Amino acid sequence: MVHKPKLGIQGPVVAWQDSWAGDASDRIMRTGTGSICPSQDRRPEPGAFIDMLRELEADFYVHHAIPQGEGYSELLHDMTEAGMDICIGNEYGNINGPWVEGTNRYDILDEAILEAGRSDRCIGLLYDEPEHLQINAAQYRKDGWFPHWGSTEGLSLQESRLKVEHSVRDRIKHVMNLMELSGFNGKTMPLISEHVFPTSFHTYARAGMDICPKVMKESFQSLQLSTALGAAKQYGKSMWICADLWGPDTGTWFTRFPGFPGHSPEEFDSALKMSYWMGPSHLFTENIDVLLQHTSSGFKKTEFGEVWKQFVCQYITEHPLTWHHSQADADIAVIHSDDSNYGQNERLFGNRALDRQSVSHSESVFHIWHVLSRGTMPTHGSCMHIPGYDFPRHELKKEVLLERFPLEKGYVGSGRQIVHPLFYPTSNVLVYDDRVTQEQLGKPKLTLVGGSSLSDETLKAVAKRAEDGGVVVIAEWLLPENSPTAIRNSGAMGFGQWVVTNDFLEGNVREVVEPFLGEALCWMQRFGSSEVRMYPGNREGTTLDFDIRV
């Protein structure tokens, strides 16, 4: 079996006006920077833009709809005529409104969904960073506190999680009913949840969305992908990947805007290959601005465009993929309730009034990843949006006026320019939530169980894993008070080992976990009988070397 992910490219946000909406695209904020960014290049005509998508060998185009609808019908018509698939995103509406009452969320209007359905080319509705906008509800909308899927004030952490799940499920049901009542098959219009933080994958997948982790960005890559892989596998959903070129770093590369791109061409190259070897259903890059310039003589590829072209035209052809992300099979399973905590330790699922104990227990996942990554990930968060990280792009924003962009040769500032590596060593980890069943869990050699809550079914599943020969390390606070003595105390359990702890960083836990950590400088992920082994390609770990064992 050969699996080739569908390849896509997301539209421009600062390079040039939208080819269909024209001036209207310059009258709204198209980035999350908090200001309108004037376009830098001349606008390409629709035909020229589509021809360039073809030259870049895109299977689909990711288009964020202008909330007022300018150019939308013409876009769908031209994509249909060109035989190219399209994914419709909601980012511009999230940033500018209009918002669904009581939320900071923009939903593509019903008639626009039906028009996309009639085109027979729309492959899904992309929800941009909904986990971020549920947690950080004031990111764009400033007139109150309106989380993405509705208010969770006054609820417990578990009730907050369920509120989000039910709201997402209701939206999916609405779209499916809309399609079916109009003579379409509702399953042809999936909703895709695109995440910048490694949180809430399981909540959205359980509610019915396909999931899309962003890579590069400010993520710890092995944590981000292991979490998304586990959620997709547990709930049987498709996994897309967005190779997001926005990021923290600066360097001597073509730069459209502070943080855009915030990764080197070499890192982009490794990130595309890393994403490909995860076996996603779809893989796209954000955004086309970085790949191309549009000049008086037409399109010109940047160094990033050359990386993309080499990847799609040569690398994929020379390296056929013989597995799918659903075949991921763990040696180490991390189980934790989906608490939406990436290190902010507040506003979990948008709830500003949670008790300290729930928040404290949610932090245990950071300790687990610190141990599993041989101390390379911090103990106080799961991405770089936490204390201790100073992004070079901030200096660029202060030192260079907006009208000077784009910078053909990038920016070299006064301090260290690279804070974001791709490489963090972990050994074949998948992440499941606190509802994983015995069948879904499989037979990992090591299972670590943290977070704020645990279902009775999952507790039985991990106990059975120990009885059958696995090693289980579990947080004491997750064990019911009436549990049998054998459950509440560390020791042998059947053919395996059961370790109860109040601190995943304690020495005893580290001793138990150490034999399962694999090679010191290797990140490994297994799919069926095939192994993807990744090693740091340079001193900073911003590039990867790949050893594919089939």
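Residues numbered from 1 in each chain as written. Predicted model: local features only at pLDDT ≥ 70, side-chain atom pairs only at ≥ 80, totals over all residues. Heavy atoms only, no water.

Quick rundown of the sheet that holds strand S18 (residues 530–536)? Include the residues and the values.
With antiparallel pairing, three strands are arranged side by side in an open sheet as S17-S18-S19. Of all strands in the sheet, those with a lone pairing partner are strand S17 (523–527) and strand S19 (544–549), marking the two edges. Neighbour to neighbour, the strand axes of the sheet diverge by 15° on average, direction disregarded. Across five bridges, S17 lies against S18 in antiparallel orientation. Paired with Gln525 across the two strands is Val532, which belongs to S18. (Pairing = 2+ DSSP bridges. Helix = DSSP H or I, 4+ residues; strand = E, 2+ residues; numbered from the N terminus. Axes fitted to C-alpha atoms, helices over the stretch in contact; angles between N-to-C directions.)

With reference to specific residues and values, describe the layout of surface pockets.
Of the voids in this model, the largest pocket is the one considered here, and its volume is about 610 Å³. What lines the largest pocket is a set of 27 residues, among which Gly32, Thr33, Lys217, Trp246 and Arg393 lie closest to the centre. Tallied by class, the residues present in the lining of the largest pocket amount to seven nonpolar, nine polar and eleven charged. (1 Å grid on protein atoms, 1.4 Å probe; cavity = no way out; pocket = protein on both sides within 12 Å on 5 of 7 lines; lining within 4 Å. Points joined across faces, edges and corners; volume = space filled by probe spheres on them. Nonpolar A, V, L, I, M, F, W, Y, C, P; charged D, E, K, R; others polar.)

Tell me about empty space enclosed by the protein, residues and numbers included.
This structure, assessed with the given rule, holds two cavities of 30 Å³ or more. For the largest cavity, the calculated volume is near 160 Å³. Forming the boundary of the largest cavity are 19 residues, of which Pro198, Thr199, His336, Asn341 and Val365 lie nearest the centre. For the lining of the largest cavity, the elements supplying multiple residues, two or more each, are helix H7 (201–207), helix H8 (221–235) and helix H13 (364–372). Of the residues forming the lining of the largest cavity, the biggest block, three residues, is contributed by H13.

For the sheet that holds strand S13 (residues 446–450), give the residues involved together with the corresponding values.
Ordered in space as S12-S11-S13-S14-S16-S15, the six strands form an open sheet in which the pairing is mixed. The strands lining the two open edges of the sheet, one partner per strand, are strand S12 (429–432) and strand S15 (491–493). In this sheet, adjacent strand axes meet at a mean angle of 20° when their direction is disregarded. Running at roughly 135° to strand S16 (residues 496–501), helix H16 (residues 456–467) makes contact with strand S11 (332–336), S13, strand S14 (471–475), S15 and S16 of the sheet. (Contact = heavy atoms within 4.5 Å.)

Describe the packing of helix H2 (residues 72–82) against helix H4 (residues 110–119), listing the residues and the values that go with them.
One way to put it is that H2 packs onto H4 with a least axis distance of 10 Å and a crossing angle of 15°. Considered as vectors, H2 and H4 are oriented roughly parallel to each other. Read as a crossing pair, H2 and H4 show a hand that is right-handed. The residues of H4 that touch H2, namely those facing Tyr72, Ser73, Leu76 and Thr80, are Ala112, Ile113, Glu115, Ala116 and Ser119. Broken down by class, the residue content of the contact of H2 with H4 amounts to five nonpolar, three polar and one charged. (Parallel < 35°, antiparallel > 145°, perpendicular 65-115°, else oblique. Left-handed = near helix turned anticlockwise from the far one by under 90°.)

Explain the packing of aromatic side chains residue by residue, including any values.
Scanning the model with the defined rule gives 24 aromatic pairs in all. Taking 6.4 Å as the distance between ring centres and 80° as the angle between the ring planes, the aromatic pair formed by Trp240 and Phe284 counts as edge-to-face. In this pair, Trp240 sits in strand S7 (residues 240–244) while Phe284 sits in strand S8 (residues 282–286), placing the two residues 44 residues apart along the sequence. The exposure class assigned to Phe284 is buried, which follows from its relative accessible area of 0%. A connected cluster of aromatic rings, assembled from ring pairs, spans Tyr276, Trp277, Trp308, Phe311, Tyr315, Trp323 and Phe527. Cation over ring: Arg141 sits above Phe146, and NZ or CZ is 4.0 Å from the ring centre. (Phe/Tyr/Trp six-rings, centres within 6.5 Å; stacked < 30°, edge-to-face > 60°. Buried < 20%, exposed > 50% of the residue type's maximum accessible area, 1.4 Å probe, protein only. Lys NZ or Arg CZ within 6 Å of the ring centre and 35° of its normal.)

Go over the environment of Arg533 with me, naming the residues and quoting the values.
Looking at where Arg533 falls in the secondary structure, it is placed in strand S18. Spatially, the C-alpha atoms of Arg533 and Asp51 are 37 Å apart, while their sequence positions differ by 482 residues. Residues in contact with Arg533, not counting those within four places in the same chain, are Glu519, Cys522, Trp523, Met524, Asp545, Phe546, Asp547 and Arg549. Among the polar contacts listed, one links the side chain of Arg533 to the side chain of Glu519, at a separation of 2.7 Å. A distance of 2.9 Å separates polar atoms of two side chains, one belonging to Arg533 and the other to Glu531. (Polar contact = N/O pair within 3.5 Å; in protein donor to acceptor, adjacent residues only side chain to side chain.)

Kindly report on the packing of H4 against helix H6 (residues 157–181), identifying the contributing residues and their values.
The interhelical angle for the contact between H4 and H6, taken along N-to-C directions, is 55°, at an axis separation of 10 Å. In terms of axis orientation, H4 runs oblique to H6. Both H4 and H6 take part in a crossing whose hand is right-handed. Along the contact surface, H4 presents Asp110, Ile113, Leu114 and Gly117, while H6 presents Arg171, His174, Val175, Leu178 and Met179.

Describe unusual backbone geometry, naming the residues involved and giving the relevant values.
Residue Pro98 is reached from Gly97 by a cis peptide bond, and omega for that bond is 5°. In this fold, Pro98 is placed in the loop between helix H3 (91–96) and H4. Cis rather than trans, the peptide bond between Phe260 and Pro261 has omega equal to 0°. Positive phi values are uncommon outside glycine, yet Arg374 reaches one of about 55°. If you trace the backbone, Arg374 turns up in the loop between H13 and helix H14 (392–399).

Can you lay out H8 for me, pointing to particular residues and giving the numbers?
With 15 residues, H8 extends 21 Å from end C-alpha to end C-alpha; this agrees with the ideal 21 Å at 1.5 Å per step. Judged by how many residues are buried, H8 sits mostly within the fold: 13 of 15 residues are covered. In the stretch just after H8, Gly236 is the one whose phi turns positive, near 65°. (Expected span 1.5 Å × (residues − 1).)

Provide a residue-level description of the pairing of strand S5 (residues 191–195), including the pertinent values.
With five of its five residues buried, S5 lies for the most part within the structure. Residue alternation in S5 divides its side chains into two sets, Leu191, Ser193 and His195 and Ile192 and Glu194, and both sets are buried. As judged from the four bridges shared by strand S4 (residues 122–128) and S5, these two strands associate in the parallel manner. Bridging across to S5, Leu126 finds its partner in Ile192. The pairing of S5 with strand S6 (residues 210–216) spans four bridges and is classified as parallel. Counted as the bridge partner of Glu194 is Cys212 from S6.

Any functional reading would require information beyond the geometric quantities listed.
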